[in-house]
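# Topology and contacts: notes
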Amino acid sequence: GKSKGCALVTFASPEGAAVAIAQLQDVHVDGRPINLREDREGGKVLAANAPADNASVFVANLSWQTTWQGLKDAMRQVGE
């Protein structure tokens, strides 16, 4: 489906999430600079199925053409 313009990305550790926020802020994905921050909601939707040591990052300003695979590939540059 179409991008909603934002997404939650789950990392294996809080450290991986922090690295993503530091290194990918304003990086262009599909022609737009993305904005990242720690997920303030705690990833409640994902947390039910995710181990407790995972950390979620909220990603905003995504292009409507961004796919989940494209975002995953961009995030994989810094960690799992």
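Preceding this paragraph is the structure being described.
To start, this report covers the structure provided alongside it. (Residues numbered from 1 in each chain as written. Predicted model: local features only at pLDDT ≥ 70, side-chain atom pairs only at ≥ 80, totals over all residues. Heavy atoms only, no water.)

## With respect to the environment of R37
Turning to its location among the elements, R37 is positioned in strand β4 (residues 35-38). Each C-alpha atom, one on R37 and one on A20, is 9.2 Å from the other, the two residues being 17 residues apart in sequence. What R37 contacts, discounting residues up to four positions off in sequence, is I21, V57 and F58. (Helix = DSSP H or I, 4+ residues; strand = E, 2+ residues; numbered from the N terminus. Contact = heavy atoms within 4.5 Å.)

## Here we look at the side chain of D39
Structurally, D39 can be placed in the loop between β4 and α2 (44-47). R37 provides the closest opposite charge to the buried, unpaired D39, separated from it by 4.8 Å. Discounting chain neighbours no more than four positions away, the residues touching D39 are L8, S56, V57 and F58. (Buried < 20%, exposed > 50% of the residue type's maximum accessible area, 1.4 Å probe, protein only. Lys, Arg positive; Asp, Glu negative; His and termini not counted. Salt bridge = Lys/Arg side-chain N within 4 Å of Asp/Glu carboxyl O.)

## A look at helix α1 (residues 14-24)
For α1, the set of buried residues is G16, A17, A20 and L24. One face of α1 carries all of its buried residues, which in axial projection span an arc of 100°. For α1, the exposed residues set more than 90 degrees away from the buried face come down to E15 and A22. On the buried face of α1, the contacting elements are β1 (6-11), β4, β5 (55-60) and α3 (68-75). Just downstream of α1 lies D26, where phi reads positive at about 70°. (Arc of directions from axis to C-beta.)

## Let's talk about the nonpolar core
Note that soluble globular proteins tend to have their nonpolar side chains buried in a common cluster. Core analysis: the largest hydrophobic core is formed by 16 residues, its most contacted members being F11, I34, L36, V59 and M75. For this core, the secondary-structure elements that each account for two or more residues are β1, α1, β5 and α3. Apart from residues no more than four positions distant in its own chain, V59 is found in contact with G5, C6, A7, V9, I34, N35, L36, L71 and M75. (Core = buried A, V, L, I, M, F, W, Y, C linked by side-chain atoms within 4.5 Å.)

## Considerations on α3
Buried residues of α3: L71, A74 and M75, and no others. Buried residues of α3 fall within an arc of 95° about the axis and therefore sit on the same side. On its buried face, α3 sits against β1, α1, β2 (28-29), β4 and β5.

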